[in-house]
Amino acid sequence: MNFENLFNVEGKVVCVTGGAGGIGRGIAGAFVAGGARVYIASRSDLKEAATELSGEGPGECAALRVDLASDVDIGALAATLGEREGKLDVLVNNAALGGFI
């Protein structure tokens, strides 16, 4: 086992749902810092967050505005990622609906 590359994410394609703020934004930032191409998906306005995250490392970040409570939007997210990348290495399912505890 090559421990030097065990946690290497350089060149990987990552999608972080709920990635505009909080824990999701932190996770997305860590992947960008590690060199991954990161897509943040959320209902909120993501362009500013994606721009800021892209400046945090050698990786890059793009925004995909979707409502993950909608089956149609989930299908559109999968289709968009498939068209743009052809693969997805990591999915961080961080999106949540508040008030359902």
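Residues numbered from 1 in each chain as written. Predicted model: local features only at pLDDT ≥ 70, side-chain atom pairs only at ≥ 80, totals over all residues. Heavy atoms only, no water.

Undergrad: Looking at this structure, I do not really get the nonpolar core. What am I missing?
TA: The nonpolar side chains of a soluble globular protein tend to be buried with one another. Of all hydrophobic cores here, the largest spans 16 residues; its most connected members are Phe-31, Val-38, Ile-40 and Cys-61. Of all the elements in the fold, those that place two or more residues in this core are strand S1 (13-17), helix H1 (22-33), strand S2 (37-42) and helix H2 (47-54). Those residues within four positions of Cys-61 in sequence are excluded, and the remaining contacts are Val-32, Val-38, Ile-40, Ala-50, Leu-53 and Ser-54. In terms of nonpolar packing, the next biggest core, distinct from the first, is built from eight residues, Cys-15, Leu-64, Val-66 and Leu-77 among them. (Core = buried A, V, L, I, M, F, W, Y, C linked by side-chain atoms within 4.5 Å. Buried < 20%, exposed > 50% of the residue type's maximum accessible area, 1.4 Å probe, protein only. Helix = DSSP H or I, 4+ residues; strand = E, 2+ residues; numbered from the N terminus. Contact = heavy atoms within 4.5 Å.)

Undergrad: Explain the sheet that holds strand S3 (residues 60-65) to me, please; I cannot follow it from the model alone.
TA: Hydrogen bonds between backbone atoms are what pair the strands of a sheet, whose relative direction is either parallel or antiparallel. Within the open sheet, the four strands sit side by side as S3-S2-S1-S4. Their pairing is parallel. Each edge of the open sheet carries a strand with a single partner, namely S3 and strand S4 (90-93). Taken over all neighbouring pairs, the strand axes of this sheet differ in orientation by 20 degrees on average, direction set aside. In this sheet, S4 lies alongside S1 in parallel orientation, the contact comprising four bridges. Bridge pairing in S4 places Cys-15 opposite Leu-91. Packing against the sheet, H2 makes contact with S2 and S3, and its axis sits at approximately 170 degrees to S3. (Pairing = 2+ DSSP bridges. Axes fitted to C-alpha atoms, helices over the stretch in contact; angles between N-to-C directions.)

Undergrad: Please clarify how the pattern of salt bridges should be interpreted in this entry.
TA: Any two side chains of opposite charge can pair, on the condition that their charged atoms come close. The final tally for this structure, using the stated rule, is three salt bridges. Between Arg-25 and Glu-52 there is a salt bridge, and its shortest N-O distance comes to 2.1 Å. Within this pair, whereas Arg-25 is found in helix H1, its partner Glu-52 is found in helix H2, the two being separated by 27 residues in sequence. Across the pair Arg-37 and Glu-85 runs a salt bridge whose closest N-O atoms are separated by 2.9 Å. Of this pair, Arg-37 sits in strand S2 while Glu-85 is found in helix H3 (residues 71-85), placing the two residues 48 residues apart along the sequence. (Salt bridge = Lys/Arg side-chain N within 4 Å of Asp/Glu carboxyl O.)

Undergrad: What is the right way to look at the pairing of S2 in this model?
TA: The side chains of a regular strand alternate between both faces of the sheet. Across the six residues that make up S2, a large majority, five, are buried. Of the pairings in the sheet, the one linking S1 to S2 comprises five bridges and is parallel in character. Bridge pairing in S2 links Val-16 to Ile-40. Between the parallel elements S1 and S2, the chain passes through H1 in a crossover that is right-handed. Here S2 pairs with S3 via six bridges, running parallel. When the bridges of S3 are listed, Ile-40 appears paired with Ala-63. At this point the chain moves from S2, through H2, to the parallel S3, and the crossover so formed is right-handed. (Right-handed = clockwise from strand over helix to strand, strands pointing away.)

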